[in-house]
Amino acid sequence: MGKSRTRDRTARCPVAVTLVHGTFARDAAWTKSDSAMSRRLSGAGCQVMPFTWSGRNSHQARARAAQELAEHLEKVARENEGARQWIVAHSHGGNVALHALELFRNSGRRTRVSVVTLATPFIHARAWTRTSFFAFHIIWSGVLLFTAATWTAATGNDSYVARGMELFGIIFAIEVLWCIVGAVNFRHYLGRGFGKRLVASIQVPEIPSRDLTVIRAPGDEASFSLASGQFVGWLGSLIARPLGNRKVWWHTLMIVSLPGTLAISLGRYVHTGTIISGYLFVSVWLFCLGGVMVLLAGSLGFGLEDGPFVSIFASVSVEDTPPGRIAVQLLRHSTSSKKLGLSHSRLYDDPEAIEIISKAIRR
């Protein structure tokens with residue numbers, strides 16, 4: 001559950017700032033009252049409040065956190081009528097903040113809330129076309145794999161091909177279980193228009209540029225995440241296009257069956273033609289199976305609990321900005337920091353970043 005702590009002695013403060021941590025960082029030191037960020041903002045007369053959420057890496061966890069953060073913003077707006085609100089969020093906390101801001105504005109509140117994000121990998125989602133056809137191919141590929149893996153295990157075949165088939169079967173079974181867990185997590189979205197609601201809950205909303213400040217730093221390890229996300233999104237699109245295109249499948253079926261059909265019609269080389277068709281079928285099947293497994297496995301980076309399930313309905317990637325025309329504040333590269341650890345986790349203690357945030361709030 002998300003929690004916020006307000007200070008009664010700063011009630012009716014003209015500026016309220018909520019600090020939102022990122023993934024796996026419930027006890028983030030930078031959100032504490034004695035951090036450099038908190039001291040600077042408190043010294044400027046702001047009411048500074050940490051917001052705590054589960055920090056789990058899943059779409060559902062971020063959606064729940066966004067709802068709780070929106071309720072927190074509503075509470076602050078009631079207790080500090082007319083106060084200007086800001087959210088400073090790190091990493092995936094930025095996705096939580098933007099979704100919360102959208103929920104808060106949809107509630108009808110006129111209180112202005114602005115967001116500053118630090119090294120946030122903004123999540124973008126695009127619905128697949130012909131999702132049912134794509135899901136069908138995942139099912140039949142899995143059925144064939146389980147059948148082949150079961151047969152090789154039952155016959156005691158010790159060849160490398162048989163062992164590889166069994167290994168693929170185990171991996172695919174694990175991915176299917178992940179999909180089932182994701183389906184349970186998103187059960188409240190089930191019904192007509194499920195895909196659209198699912199994508200809308202994941203796609204980071206567009207926020208007016210005047211209410212959003214994006215801060216990034218060179219050498220940030222999240223850049224690797226951004227590059228990986230771009231690659232996974234591209235790979236997913238590349239795989240899904242042929243899997244969801246009926247014409248491609250009809251042409252593939254014709255090509256695969258052509259050697260066998262010709263051999264049978266000519267009455268010669270039936271055995272050879274059948275074998276060639278069989279090899280072509282297995283090749284196509286392995287391509288589909290490999291593509292599906294890569295797509296499902298690659299989606300784990302976006303959500304350990306529900307990423308594979310979401311990948312069936314949408315292509316998900318991370319970008320350096322949310323939708324719209326957004327200015328990015330890129331910090332100067334600094335090698336003077338004596339603090340050990342990842343650059344991604346030092347950004348909220350960077351003096352330049354804190355200065356940018358302080359100036360933005362004082363504007």
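Residues numbered from 1 in each chain as written. Predicted model: local features only at pLDDT ≥ 70, side-chain atom pairs only at ≥ 80, totals over all residues. Heavy atoms only, no water.

## Re the overall build of the protein
Piece 1. The helix and strand tally for the protein stands at 11 helices and nine strands.
Piece 2. Among the 363 residues that make up the protein, the fraction classed as buried is 48%.
Piece 3. For the protein, the proportion of contacts with a sequence separation of at least 24, taken over those separated by at least 6, is 81%.
Piece 4. Surface accessibility of the protein: about 18700 Å² in total, with carbon and sulfur atoms responsible for 62%. (Helix = DSSP H or I, 4+ residues; strand = E, 2+ residues; numbered from the N terminus. Buried < 20%, exposed > 50% of the residue type's maximum accessible area, 1.4 Å probe, protein only. Contact = heavy atoms within 4.5 Å. Areas by Shrake-Rupley, 256 points an atom, 1.4 Å probe, with all protein chains shown as cover.)

## Overview of helix α11 (residues 351-362)
Piece 1. Helix length check: α11, at 12 residues, gives a terminal C-alpha distance of 16 Å against a target of 16 Å (1.5 Å per residue), a fit within 8%.
Piece 2. Buried residues of α11: A353, I354, I356, I357, S358, A360 and I361, and no others.
Piece 3. On its buried side, α11 packs onto β2 (15-20), α1 (36-43), β4 (84-90), β5 (113-118), β7 (212-216) and β9 (328-330).
Piece 4. Sitting at the amino-terminal end of α11 is D350, which places a side-chain oxygen 2.8 Å from the backbone nitrogen of E352. (Expected span 1.5 Å × (residues − 1). Polar contact = N/O pair within 3.5 Å; in protein donor to acceptor, adjacent residues only side chain to side chain.)

## Considerations on the environment of R126
Piece 1. Mapped onto the secondary structure, R126 falls in strand β6 (residues 122-127).
Piece 2. Assessed through its relative accessible area of 38%, R126 is described here as partly exposed.
Piece 3. For the pair R126 and Q203, spaced 77 residues apart in sequence, the C-alpha separation works out to 7.8 Å.
Piece 4. Contact partners of R126, with chain neighbours within four places excluded, come to F313, A314, S315 and S317.

## Notes on the packing of helix α2 (residues 59-79) against helix α3 (residues 93-106)
Piece 1. Contact geometry of α2 with α3 gives a least axis separation of 8 Å together with a crossing angle of 55°. In terms of axis orientation, α2 runs oblique to α3. Crossing of α2 over α3 shows right-handed handedness. Each of R62, A65, A66, Q67, L69, A70, L73, E74 and A77 in α2 lies in contact with α3, whose residues at this interface are V96, A97, H99, A100, L103 and F104.
Piece 2. Class assignment for the residues of the contact of α2 with α3 results in 11 nonpolar, two polar and two charged. (Axes fitted to C-alpha atoms, helices over the stretch in contact; angles between N-to-C directions. Parallel < 35°, antiparallel > 145°, perpendicular 65-115°, else oblique. Left-handed = near helix turned anticlockwise from the far one by under 90°. Nonpolar A, V, L, I, M, F, W, Y, C, P; charged D, E, K, R; others polar.)

## Quick look at unusual backbone geometry
Piece 1. You will see that F24, though not glycine, has its phi angle at about 55°, which is positive.
Piece 2. Mapped onto the elements, F24 comes out in the loop between β2 and α1.

## A closer look at a nonpolar patch on the surface
Piece 1. A cluster of nonpolar residues, L144, F281, V282 and L286, forms a patch on the protein surface that exposes about 300 Å² of accessible area.
Piece 2. Looking at the element boundaries, F281 is found in helix α9 (residues 270-298). (Patch = residues over 30% accessible without salt bridge, like charges linked within 9 Å, V, L, I, M, F, W, Y side chains within 5 Å. Salt bridge = Lys/Arg side-chain N within 4 Å of Asp/Glu carboxyl O.)

## Comments concerning the packing of aromatic side chains
Two descriptors summarise a pair of aromatic rings, namely the distance from one centre to the other and the angle between the planes of the rings.
Piece 1. Using the criterion set out here, one finds three aromatic pairs in the structure.
Piece 2. A connected cluster of aromatic rings, assembled from ring pairs, spans F186, F309 and F313. (Phe/Tyr/Trp six-rings, centres within 6.5 Å; stacked < 30°, edge-to-face > 60°.)

## Regarding the confidence of the model for the protein
Piece 1. Residue-level pLDDT values for the protein average 80, and 78% of them are 70 or greater.
Piece 2. Confidence over residues 5-12 falls short of pLDDT 50; this stretch has 15 contacts with residues more than four positions distant or in other chains. (pLDDT = per-residue confidence, 0-100.)

## A word on the packing of α1 against α11
Piece 1. Direction vectors running N to C along α1 and α11 enclose 30°, while the axes themselves pass 10 Å from each other. Put simply, α1 runs roughly parallel to α11. Crossing angle aside, the handedness with which α1 passes α11 is right-handed. Facing A36, M37, R40 and L41 of α1, the residues of α11 in contact are I354, E355, I357, S358, I361 and R362.

## Some details on the pattern of salt bridges
Piece 1. Under the definition given, this model contains four salt bridges.
Piece 2. Across the pair R40 and E355 runs a salt bridge whose closest N-O atoms are separated by 2.5 Å. On the criterion of sequence distance, the pair formed by R40 in helix α1 and E355 in helix α11 is long-range, its members being 315 residues apart.
Piece 3. We classify R40 as partly exposed; its relative accessible area is 32%.
Piece 4. On the accessibility criterion, E355 (25% relative accessible area) is partly exposed.
Piece 5. A salt bridge links E355 to K359; its shortest N-O distance comes to 3.8 Å. Placement of the pair is E355 and K359 together in helix α11, with a separation of four residues, close to one helical turn.
Piece 6. Look at K359 and you get partly exposed, because its relative accessible area is 48%.
Piece 7. The network of salt bridges with shared partners includes R40, E355 and K359.

## Some points on the pairing of β5
Piece 1. By the criterion of burial, β5 is predominantly enclosed, with six of the six residues buried.
Piece 2. Side chains V113, V115 and T117 of β5 all project onto a buried face; the interleaved residues S114, V116 and L118 project onto the opposite face, where all are buried too.
Piece 3. Relative to β5, β4 runs parallel, the two sharing six bridges. Residue pairing in the sheet places I87 in a bridge with V115 of β5.
Piece 4. Each parallel crossover has a hand, and for β4 linked through α3 to β5 it is right-handed. (Pairing = 2+ DSSP bridges. Right-handed = clockwise from strand over helix to strand, strands pointing away.)

## A closer look at helix α6 (residues 194-202)
Piece 1. Taken together, the buried positions of α6 are F194, L198, V199, S201 and I202. Projected down its long axis, α6 carries its buried residues within an arc of 160°, all on one side.
Piece 2. Buried residues along α6 sit in contact with α2, α3, β6, α10 (307-313) and β8 (314-319). (Arc of directions from axis to C-beta.)

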